[in-house]
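Coordinates in review
One letter stands for each residue in the lines below.
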Amino acid sequence: MTPLLTLLALVGLLHIAQFAVASYMANVDLGQGYTTSPRDRAPSREMRPVTARMLRAYDNHIQMFPFFAAGVLLIHLSGQSNTVTVAAASVYLIARVLYVPAYAFGWQPWRSLIWVTAMLCCAILFIAALL
């Protein structure tokens, strides 16, 4: 497997891990009665702020992951992988790993800077695919 596809797999595993942790935390906070229900009503208990942040961090990754995956696949399928594209994909993974605690613990302004770093890495992948 190429380095870019390996990084794509690792980012996919990060996505699954974020989902598992955020879901577990919501289950603890809201109770299984609510989380296994059809959720036709508002929960009777509130989530802790850190749980809500973990869910928002996961939602953010739902939005970011397609950009990253598309960029990696464009580079891979066009055979344009090089040191710059592998570095951009690596920095993306590192940024997304750091984004989780940055969001969970409310690191200001670091969370936003980490997000911008990840988005710039996606942009680098798209620009590299065009060159």
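You'll find the structure just up there.
Residues numbered from 1 in each chain as written. Predicted model: local features only at pLDDT ≥ 70, side-chain atom pairs only at ≥ 80, totals over all residues. Heavy atoms only, no water.

**Things to note about the packing of helix α3 (residues 49-77) against helix α4 (residues 83-104)**
Taken N-terminus to C-terminus, the directions of α3 and α4 make an angle of 170 degrees; their axes are 9 Å apart at the nearest point. When the axes of α3 and α4 are compared, the pair comes out roughly antiparallel. On α4, the residues that touch Val-50, Arg-53, Met-54, Arg-56, Ala-57, Asn-60, His-61, Met-64, Phe-65, Phe-68 and Ile-75 of α3 are Thr-85, Ala-89, Tyr-92, Arg-96, Tyr-99, Val-100, Tyr-103 and Ala-104. (Axes fitted to C-alpha atoms, helices over the stretch in contact; angles between N-to-C directions. Helix = DSSP H or I, 4+ residues; strand = E, 2+ residues; numbered from the N terminus. Parallel < 35°, antiparallel > 145°, perpendicular 65-115°, else oblique. Contact = heavy atoms within 4.5 Å.)

**Comments concerning α3**
The end-to-end C-alpha distance of α3 is 42 Å, a good match for the 42 Å that 29 residues give at a rise of 1.5 Å each. In α3, a bend of some 35 degrees at Met-64 exceeds every other bend along the element, and Pro-66, a proline, comes one to four places later. One or two positions beyond α3, positive phi appears at Gly-79, with a value near 65 degrees. (Expected span 1.5 Å × (residues − 1). Bend = angle between axes of the 7 residues up to and from the residue.)

**Let's talk about the side chain of Gln-18**
By the element assignment, Gln-18 lies in helix α1 (residues 3-30). Polar contacts involving the side chain of Gln-18 include one to the main-chain carbonyl oxygen of Ala-57, which spans 3.4 Å. Beyond its immediate chain neighbours, meaning those up to four positions away, Gln-18 contacts Ala-57, Tyr-58, His-61 and Val-100. (Polar contact = N/O pair within 3.5 Å; in protein donor to acceptor, adjacent residues only side chain to side chain.)

**Considering the pattern of salt bridges**
It is possible for side chains of opposite charge to pair when their charged atoms get near one another. Under the defined criterion, the tally for this structure stands at one salt bridge. For Asp-29, the salt bridge is made with Arg-48, and the minimal N-O distance between the two is 2.8 Å. Pair noted here: Asp-29 is in helix α1 and Arg-48 is in the loop between α2 (32-35) and α3, with a separation of 19 residues, a long-range link. (Salt bridge = Lys/Arg side-chain N within 4 Å of Asp/Glu carboxyl O.)

**Digging into the nonpolar core**
Residues Phe-68, Val-72, Ile-75, Tyr-92 and Leu-125 are the most contacted members of the largest nonpolar core, which totals 26 residues. Elements that contribute at least two residues to this core include exactly α1, α3, α4 and α5 (110-130). Here Ile-75 is in contact with Leu-4, Gln-80, Ser-81, Thr-85, Leu-125, Ala-128 and Ala-129, once residues within four sequence places are set aside. Core analysis: the next-biggest nonpolar cluster, separate from the first, contains five residues, Ala-22, Met-25, Met-54 and Ala-104 among them. (Core = buried A, V, L, I, M, F, W, Y, C linked by side-chain atoms within 4.5 Å. Buried < 20%, exposed > 50% of the residue type's maximum accessible area, 1.4 Å probe, protein only.)

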